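# Examining the three-dimensional arrangement
Each chain, letter by letter, is given below.
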Amino acid sequence: MAKITRKPVPRKAAVPKKKAKTAVAKPKAPAKKSLKAVKPWTPAEIHQVFSRFRKANPEPKGELEHVNPFTLLVAVVLSAQATDAGVNKATRALFEVADTPQKMLDLGEESLREYIKTIGLYRTKARNVIALSAKLLGEFGGEVPRTRAEIESLPGAGRKTANVVLNMAFGEHTMAVDTHVFRVGNRTGLAPGKTPLDVELGLEKVIPAEFMLHAHHWLILHGRYTCLARKPRCEVCLINDLCRWPEKTV
Ligand code: SF4
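Residues numbered from 1 in each chain as written. Predicted model: local features only at pLDDT ≥ 70, side-chain atom pairs only at ≥ 80, totals over all residues. Heavy atoms only, no water.

## A few points about the overall build of the protein
Applicable threshold: Helix and strand definitions follow DSSP, with helices as H or I runs of at least four residues and strands as E runs of at least two, each counted in order from the N terminus. Throughout, a contact is declared for two residues whenever any of their heavy atoms are within 4.5 Å. In this description, accessible areas are obtained by the Shrake-Rupley approach with a 1.4 Å probe, and a residue is regarded as covered only by the protein chains that are shown.
When you go through the protein residue by residue, the secondary structure sums to 11 helices and 0 strands. When its helices and strands are written in sequence order, the protein yields α-α-α-α-α-α-α-α-α-α-α. Within the protein, contacts between residues at least 6 apart in sequence are counted, and of these 61% link residues at least 24 apart. Carbon and sulfur atoms make up 57% of the accessible area of the protein, which totals about 15,600 Å².

## Examining the site of the ligand
Operational definition: Any residue with a heavy atom positioned within 4 Å of a molecule or strand is treated as near that molecule or strand. Think of it as three bins: nonpolar holds Ala, Val, Leu, Ile, Met, Phe, Trp, Tyr, Cys and Pro, charged holds Asp, Glu, Lys and Arg, and polar takes everything else, Gly as well.
Around the ligand, a shell composed of Thr188, His222, Cys227, Pro232, Cys234, Cys237, Asn240, Cys243, Trp245 and Lys248 is seen. Across the shell around the ligand, the residue classes tally to 6 nonpolar, 3 polar and 1 charged.

## Remarks on the side chain of Arg187
Applicable threshold: Any pair of nitrogen or oxygen atoms within 3.5 Å is treated as a polar contact; in protein, a donor-acceptor pairing is required on top of that, and neighbouring residues in sequence qualify only through side-chain atoms on both sides.
Looking at the element boundaries, Arg187 is found in helix H9 (residues 179–188). A polar atom in the side chain of Arg187 sits 2.6 Å from the backbone oxygen of Ala229.

## Some words on the packing of aromatic side chains
Each aromatic ring pair is specified by the distance between its two centres and by the angle formed by the two planes. In plain terms, the rule: Pairing of aromatic side chains here covers Phe, Tyr and the six-membered ring of Trp, requires ring centres within 6.5 Å, and sorts the geometry by plane angle: under 30 degrees stacked, over 60 edge-to-face, intermediate tilted. Relative accessibility decides the category of a residue: with a 1.4 Å probe and only protein chains considered, values under 20% of the type maximum give buried, values over 50% give exposed, and everything between is partly exposed. Over a ring means this: the NZ of a Lys or the CZ of an Arg is within 6 Å of the ring centre and within 35 degrees of the ring normal.
Scanning the model with the defined rule gives 3 aromatic pairs in all. Ring plane angle 65° and centroid distance 6.4 Å describe the contact between Phe211 and Trp218, whose orientation is recorded as edge-to-face. Judged by its relative accessible area of 0%, Phe211 is buried. The rings of Phe50, Phe53, Phe211 and Trp218 are connected pair by pair, giving a single aromatic cluster. The ring of Trp245 has Arg187 lying over it, and the distance from NZ or CZ to the ring centre is 4.5 Å. Between the NZ or CZ atom of Arg244 and the centre of the ring of Trp41, over which it lies, the distance is 4.7 Å.

## Digging into the environment of Lys205
Relative to the assigned elements, Lys205 resides in helix H10 (residues 196–206). For the pair formed by Lys205 and Ala191, sequence separation is 14 residues and the distance between their alpha carbons is 8.8 Å.

## Focus on the packing of H9 against helix H11 (residues 212–225)
Here is the rule: Here the axes come from fitting lines to C-alpha atoms, over the contacting stretch only for helices, and the angles between their N-to-C directions go from 0 to 180 degrees. Angles below 35 degrees are treated as roughly parallel, those above 145 as roughly antiparallel, those between 65 and 115 as roughly perpendicular, and all remaining angles as oblique.
Contact pair H9 / H11: the axes reach a minimum separation of 8 Å and the direction vectors enclose 85°. Here H9 lies roughly perpendicular to H11, going by the angle between them. Where H9 approaches H11, its residues His180, Val181, Arg183 and Val184 are matched on the opposing element by His216, Leu219, Ile220, His222, Gly223 and Arg224. Partitioning the contact of H9 with H11 into residue classes produces 4 nonpolar, 4 polar and 2 charged.

## Quick word on the side chain of Arg183
The test is simple: Positive charges come from Lys and Arg, negative ones from Asp and Glu, while His and the chain ends are left out of the count. Salt bridges are counted wherever a side-chain nitrogen of Lys or Arg sits within 4 Å of a carboxyl oxygen of Asp or Glu.
The topology assignment puts Arg183 in helix H9. Although Arg183 is buried, it forms no salt bridge, and the closest oppositely charged side chain is Asp178 at an N-O distance of 7.3 Å. In terms of polar contacts, Arg183 uses its side chain to reach the backbone carbonyl oxygen of Cys227, at 3.0 Å. Excluding residues within four positions of it along the chain, Arg183 makes contact with Gly223, Arg224, Cys227, Leu228 and Ala229.

Here you go:
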């Protein structure tokens, strides 16, 4: 039998190791202070926060002008990515002529556009307002419905719209999270969250029921006039001693 001879496998040439570079220490960015490291809120502190808001402003009001649930709904739909003041400027004249779904349909999309053309995205918004008016008449007897799912089914209306309408028109304990509430919930540490829904559910969990009817407005007003986005006015803030924001001043 022939002898099998194995060919010697050539060894891989050893790759010379790279000389380790002398590490040059990069200057470290200053560590960002994290809310995770701060003390959690106690129920007594949260009660204190809302007691102070209530004492300062017992009956807070939303700033969107309206005369009934329908005009409130329309105003909220128009307010997406617009200021309340800008919306009010346009709706004052509009609601004089169209304060019901039928009157809005009678006005028509083209004329409606003329009333609201100073508001951003007015073409889409005009289309939605006409479509939601038709849906209210066709499916809800011309009335604004009272459930979240039904309001959210209307053109142009999302979760925030439903929360505002349920709270302001029907007195439900909902928490609408706009840009101000989102910022205040995160900064103070009351309800940190990556999305408006996280903050909404977090706030609903910690705010005592006795404050929930007005909590949404207190937080909006706090964010709009005190806890400003770029330069919070911590020096005049009612809840400065309790706020957990590591960068608060005073
Ligand atoms: S102390 Fe400053 S950061 Fe904290 S809630 Fe007040 S204004 Fe906002």
